[in-house]
Amino acid sequence: MIIASLDLADGPLCSDVASGQALAEDGECFDVSSTMQTLKTVLTFASGIAAAVVVLAGLFCLFTGRGGRIVVVAAGAAIVLGAVGILI
């Protein structure tokens, strides 16, 4: 998710491409405002961080047998943040 969010941040807006202010390298552009593009980037980046917490907490839970609630909460946060970041 972190790599996807950073890739989204590099694309030009469709309005900039249409007016000639920006050139789409791969022929794709984003039909959202720059604020919305920034919000999507932040949400998907946060989703990736939450997913990393899930991995670390899962390993902690695996070795100690404690902390299962942290894994569930972090997994839920990763899913929700990722879904909101994609759906916006």
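Just so it is clear, the structure is predicted and the values come from calculations on it, not from any experiment.

Draft legend 1. Expanded view of the overall build of the chain. From N to C terminus, the chain includes four helices and zero strands. Going from N to C terminus, the chain has its helices and strands arranged as α-α-α-α. Residues counted as buried form 22% of the 88 residues belonging to the chain. Considering only residue pairs separated by 6 or more positions, the chain has 53% of its internal contacts joining residues 24 or more positions apart. Total accessible area on the chain is roughly 6,000 Å²; 70% of this is exposed by carbon and sulfur atoms.

Draft legend 2. Structural context of the packing of helix α3 (residues 34–64) against helix α4 (residues 68–87). As a packed pair, α3 and α4 sit with axes 8 Å apart at the nearest point and diverge in direction by 160°. With respect to α4, the element α3 is oriented roughly antiparallel. Relative to α4, the crossing made by α3 is left-handed. In contact with Lys40, Leu43, Thr44, Ala46, Ser47, Ala50, Ala51, Val53, Val54, Ala57, Gly58 and Cys61 of α3, α4 contributes Gly68, Ile70, Val71, Ala74, Ala75, Ala77, Ala78, Leu81, Gly82, Val84, Gly85 and Ile86. Classifying every residue of the contact of α3 with α4 by side-chain character gives 17 nonpolar, six polar and one charged.

Quick notes on the rules
Residues numbered from 1 in each chain as written. Predicted model: local features only at pLDDT ≥ 70, side-chain atom pairs only at ≥ 80, totals over all residues. Heavy atoms only, no water. Helix = DSSP H or I, 4+ residues; strand = E, 2+ residues; numbered from the N terminus. Buried < 20%, exposed > 50% of the residue type's maximum accessible area, 1.4 Å probe, protein only. Contact = heavy atoms within 4.5 Å. Areas by Shrake-Rupley, 256 points an atom, 1.4 Å probe, with all protein chains shown as cover. Axes fitted to C-alpha atoms, helices over the stretch in contact; angles between N-to-C directions. Parallel < 35°, antiparallel > 145°, perpendicular 65-115°, else oblique. Left-handed = near helix turned anticlockwise from the far one by under 90°. Nonpolar A, V, L, I, M, F, W, Y, C, P; charged D, E, K, R; others polar.

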